[in-house]
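Here is how the chains run, residue by residue.
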Amino acid sequence: MLEVRELRKQFQPLSGQPVVALGSVSFRVESGQFVSIVGPSGCGKSTLLQCIAGLSRPSTGRVLLHGREVTGPPEGLILLFQEYNKSLMAWRSVLRNVRFGLENRAGMSRVEMDAEAQRYLELVGLKGFEAHYPWELSGGMQQRVAIARALVRRPEVMLMDEPFGSLDALTRIELEDALLRLWESLRATILFVTHDIEEAVYLSDRVYVLSCRPSQVIEEIEVKLERPRNQLTTREDPRFIQARRHIFELISKEMAKA
Amino acid sequence: MARLPGKGLAVLLGCLVLWEVLARQSGALALYFPPASQVLATLAAIVGNGELLGHIAASLWRFAQGYALAAALAVSAGLCFGLWRPLYVLFEPLIELLRPMPSPATIPIAILFLGIGDEMKVAVTVYACSWPILLNTIDGVRAIDPVLLNTAATFRLGPWERFRKVVFPAASPQIVTGLRVSLAIALILVTTSEMVVSNDGLGFYILDRQRSFQIPEMYAAIVALALIGYALNWLFLTLDGWAMAWHKGLTGKEEIL
Amino acid sequence: MKESRWSGLGFLLLLLLLWEAAGRYGWVHKLFFPPATKIFASFYQIVASGEVLGHVGVSLWRAGLGYGLAALVAITLGVLMGYWRVVHESFEIVVELLRAIPPPAVIPVAIVFLGIGDQMKVFIILFSCAFPILVNTMDGVRGVDPVLIRTARTFGLGQGALLWKVVLPAASPFIMTGLRIALAIALILVVISEMVGATSGIGYFILDSQRSFRIPQMYAGMLVLALLGYTLNRCFLLADARLMAWHKGLTARQR
């Protein structure tokens, strides 16, 4: 349902040769899947998400959502940014930030929107924080507000750009599981970018490994671990360890090339 | 001023007392420098008998007009320039040329075109106040974090909604800074234009008392003007604190970290 | 960046041409709106004849003296108030009250004590420039990282050396901000004081030109003043870039 076809993106810096971030990236994501993208630093993962989200135009290649080409931010798709604190609105309370996700849609009254926002806040475990302001919350809680804001729109596809990258290990674990629970109950399609190999394997049905610049998909790895996943048992599963090792080797080789 | 400013008040009182004592020591000095008590008494008198009120009203009215017009014009222009870079680039040399010219230099040209009445004074005030507001507004819009704008894009906001819900609130702290700076500038220009050519207003009154050597009245009016400036500033800060509470909290937190 | 400059300059040129046409063809009253060429001619004349340069020199002298003295007084006071909380708390109210007085209002007081000569103008400029420098210096000093100060102390620095070698340099970006603001204020106040009571100076020159209906000269005077302001600002920015190169690098990295 989401298809990326030979996506290529190059940038023209102020001086010198054009920088090719994405060489030729192709893959497909089926509806309801949880897919991760991993790769060495600087390989263009964020750029890839921006192109898929319609915020950036690819140099060549296409992104197709339900068979239709993406030329601008498409309906039913939300991108969650890495710097979540910069994407939340400091002048709105937590509730109103979540409500923002619904606001430019016709047909809901203020009261209805607030109620819906309230629901999703509870879903992400932030009940009681409606009147707080984002800067009053911890990093992990802010990220949850951003997630709630995206979810309140019931998107078909959620793109997440290293959402847990700047959180401490314990918060990260908590949010990984929270995300999985949400995903399972809402059955959205998630495309998850991370530099954390273990996180990618833990969360996903499928992991795409990107090469260095100009990036391509080196390999697609299917993660056949049972769901629901468990932080302890899943991570000790030999198949988990094997997948992790394999991806690690792939990326190490890539980074050695650079 | 959360704590009771004991030391500050003590020093203030000390200064006033010192002023009083020094002024009383010498009769000659008292002519140039009347004791604080006399100044305050005179202030009470000229306010009480209505002499000063007319001038205060005239100055405040000019101030209000000038400031409000400048705010409306400069914020609008600043938003346009901030949002449309080609437009800004078009006007940039003109802005850079006019900007370093001290605003009082426009008084003669304003007199030429508008005479010596209220229009001239308001016009000069509008010109002078517009600059800090304009420049701060442009900066405020330009400095909006791209992540915020991208967020608006991924939520598929239309241009008007994006402006109303994201751009304008995000730029507002900087706009408020510009408004605050131009508050003081407005008072300065109103006072100056009244001193250069006028027959009413606090600026005129102060200079006129000096010329007719009514020194206590001169000081009294200066005190009145300072108090008005102080009150306007306090009013502004209060409104700002209320409307921009979110920003205070945000920046407050960053300071702690 | 390069091509964008051209469109702006082109626009400026267009405005000048419109101005020229408006003056020449009488679209507007020729008296109020002399053609641009006439203004430039007048500009050339007053500069070449040295007429305006004398006024500019006088204004610069007054502004420079007032500015320099203000910097000395305000930086000293600012450091004291910023470093010692006691001093700050004691003088805060008085400073805030004095600061609230719009500088032009102090002119008549200065006239009473100092007449309408240079001293009055220098005093006014001193008074007006002192406050932004003071406030910014104070903020800068207060914002110096305590860790920095403690580190210096462990190296055995006494108070004097501490202030001179650690606090002042650390606060210098803020002090520069205050000095930059005060530069603009100095120019504004010298013009104001020359319009209210003077017989020389660029401010007086412009007003006098208007009063004696030498209108092209009035505009030319304004142009001189704009150029003066621009030049002073540029010089300041150059000095700032030199002195504060370390700070520019630091903030660029932080961004």
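Draft legend 1. Structural detail: the overall build of chain B. Helix and strand content of chain B: 12 helices and 0 strands. Traced from its N-terminal end to its C-terminal end, chain B shows the element sequence α-α-α-α-α-α-α-α-α-α-α-α. Over its C-alpha trace chain B gives a radius of gyration of 23 Å, far above what one expects of a compact globule, namely 18 Å for 257 residues. Scored against the burial criterion, the 257 residues of chain B give a buried share of 42%. Across chain B, every contact between residues at least 6 apart in sequence was considered, and the portion connecting residues at least 24 apart equals 70%.

Draft legend 2. Region of the structure containing the overall build of chain C. A count of helices and strands for chain C gives 11 helices and 0 strands. The linear arrangement of helices and strands in chain C, starting from the amino end, is α-α-α-α-α-α-α-α-α-α-α. Relative to the globule expectation of 18 Å for 255 residues, the C-alpha radius of gyration of chain C, 23 Å, shows a markedly less compact shape. With respect to the three principal axes, the spread of C-alpha positions in chain C is 75 × 55 × 30 Å.

Draft legend 3. Just the confidence of the model for chain C, in detail. Confidence in the prediction for chain C averages 87 pLDDT; 97% of positions are at 70 or higher. In the model output, the complex is listed with pTM 0.84 alongside ipTM 0.83.

Draft legend 4. Geometry of helix 1 (residues 45-52) of chain A. All names here are of chain A. Helix 1 sits mainly inside the fold: 7 of its 8 residues count as buried. Every buried residue of helix 1 is listed here: K45, T47, L48, L49, Q50, C51 and I52. Note on helix 1: the residue one or two positions beyond its end, G54, has a positive phi of about 80°.

Draft legend 5. Layout of the interface of chain B and chain C. Contact residues are listed per partner, giving 46 residues for chain B and 43 residues for chain C. Counting only elements with at least two residues in the side of chain B that touches chain C, the list comes to helix 1 (6-25), helix 5 (85-98), helix 6 (106-114), helix 9 (159-196), helix 10 (202-211) and helix 11 (215-243) of chain B. By residue class, the composition of the side of chain B that touches chain C is 36 nonpolar, 8 polar and 2 charged.

Draft legend 6. Quick peek at the arrangement of the chains. The assembly contains 2 pairs of chains in contact; the pair sharing the most contacts is chains B and C. Across the gap from chain A to chain C, with no contact made, the nearest C-alpha atoms are 11 Å apart.

Draft legend 7. Looking closely at the pairing of strand 8 (residues 189-193) of chain A. All names here are of chain A. Of all 5 residues making up strand 8, 5 are buried, and the element is well covered by its neighbours. Every second residue of strand 8 is oriented toward a common face, with T189, L191 and V193 on one face and I190 and F192 on the other, all of them buried. Here strand 3 (residues 34-38) pairs with strand 8 via 4 bridges, running parallel. Residue pairing for strand 8: F34 is matched across the bridge by I190. Pairing of strand 7 (residues 157-161) with strand 8 involves 5 bridges; the strand directions are parallel.

Draft legend 8. Looking closely at unusual backbone geometry. Residue R213 of chain A is joined to P214 of chain A through a cis peptide bond whose omega torsion reads -10°. Among the structural elements, P214 of chain A can be located in the loop between strand 9 (206-210) and strand 10 (215-222). Even without a glycine there, the phi angle at R156 of chain B is positive, about 55°. Position of R156 of chain B among the secondary structure elements: in the loop between helix 8 (146-154) and helix 9.

Draft legend 9. Layout of the environment of E222 of chain A. With respect to the helices and strands, E222 of chain A occurs in strand 10. Each C-alpha atom, one on E222 of chain A and one on R206 of chain A, is 4.5 Å from the other, the two residues being 16 residues apart in sequence.

Draft legend 10. Layout of the interface of chain A and chain B. Opposite the 18 residues of chain A that make contact, chain B presents 18 residues. Mapped onto the side of chain A that touches chain B, the elements with two or more residues apiece are strand 6 (77-80) and helix 2 (84-87) of chain A.

Draft legend 11. Broad picture of the nonpolar core. Core analysis: the biggest nonpolar cluster contains 139 residues, and A221 of chain B together with A70, I125, C129, I133 and A186 of chain C have the highest contact counts within it. For this core, the element with the highest residue contribution is helix 8 (residues 159-196) of chain C, accounting for 19 residues. The contact partners of I125 of chain C, leaving out residues within four places of it in the chain, are R62, A63, G66, Y67, A70, A186, L189 and V190 of chain C. Within the second largest apolar cluster, 76 residues are counted, among which are V25, A53, Y84 and L95 of chain A.

Draft legend 12. A look at the environment of G165 of chain A. With respect to the helices, strands and loops of the structure, G165 of chain A is situated in the loop between strand 7 and helix 6 (169-186). Remark: the alpha-carbon pair of G165 of chain A and A146 of chain A, spanning 19 residues in sequence, is separated by 14 Å.

Draft legend 13. A look at the packing of helix 8 of chain B against helix 9 of chain B. All names here are of chain B. Two elements in contact, helix 8 and helix 9, have axes separated by 11 Å at closest approach and are oriented at 170°. Judged by the angle between their axes, helix 8 and helix 9 are roughly antiparallel. Where helix 8 approaches helix 9, its residues L148, L149 and A152 are matched on the opposing element by R162, V166 and A170. Of the residues contributing to the contact of helix 8 with helix 9, the split by class is 5 nonpolar, no polar and 1 charged.

Draft legend 14. The arrangement of the sheet that holds strand 8 of chain A in detail. Residue and element names in this part refer to chain A. Taken in spatial order, the 10 strands line up as 5-4-1-2-10-9-3-8-7-6 in an open sheet, and their pairing is mixed. Both outer strands of the open sheet, strand 5 (68-69) and strand 6, are each paired with one neighbouring strand and no more. Note that strand 1 (residues 2-11) and strand 4 (residues 60-65) share 5 bridges and pair antiparallel. Considered in strand 4, the bridge of R5 is made with R62. Where helix 1 meets the sheet, it contacts strand 1, strand 2 (19-29), strand 3, strand 4, strand 6, strand 7, strand 8 and strand 9, and its direction lies at approximately 120° from that of strand 1. Set on the sheet, helix 9 (residues 238-257) makes contact with strand 3, strand 9 and strand 10; between it and strand 10 the angle comes to about 170°.

Draft legend 15. Layout of the packing of helix 3 (residues 94-103) of chain A against helix 5 (residues 139-151) of chain A. All names here are of chain A. In the contact formed by helix 3 and helix 5, the axes pass within 6 Å of each other and the chain directions differ by 35°. Of the two elements, helix 3 crosses helix 5, and the hand of that crossing is right-handed. Residues V94, N97, V98, F100 and G101 of helix 3 lie in contact with helix 5, whose contacting residues are V145, A148, R149 and A150. Tallied by class, residues from the contact of helix 3 with helix 5 come to 6 nonpolar, 2 polar and 1 charged.

Draft legend 16. Molecular detail of the confidence of the model for chain B. Residues at a pLDDT of 70 or more form 96% of chain B, whose mean pLDDT is 88. Contacts of residues 253-257 of chain B to residues separated by more than four positions or lying in other chains number 1 contact, the stretch itself having pLDDT below 50.

Calculation notes
Residues numbered from 1 in each chain as written. Chains lettered and ligands numbered in written order. Predicted model: local features only at pLDDT ≥ 70, side-chain atom pairs only at ≥ 80, totals over all residues. Helix = DSSP H or I, 4+ residues; strand = E, 2+ residues; numbered from the N terminus. Rg over C-alpha atoms; globule rule 2.2 N^0.38 Å. Buried ≥ 20, exposed ≤ 12 C-beta atoms within 10 Å, placed from the backbone. Contact = placed C-beta atoms within 7 Å. pLDDT = per-residue confidence, 0-100. Nonpolar A, V, L, I, M, F, W, Y, C, P; charged D, E, K, R; others polar. Pairing = 2+ DSSP bridges. Core = buried A, V, L, I, M, F, W, Y, C linked by C-beta atoms within 7 Å. Axes fitted to C-alpha atoms, helices over the stretch in contact; angles between N-to-C directions. Parallel < 35°, antiparallel > 145°, perpendicular 65-115°, else oblique. Left-handed = near helix turned anticlockwise from the far one by under 90°.

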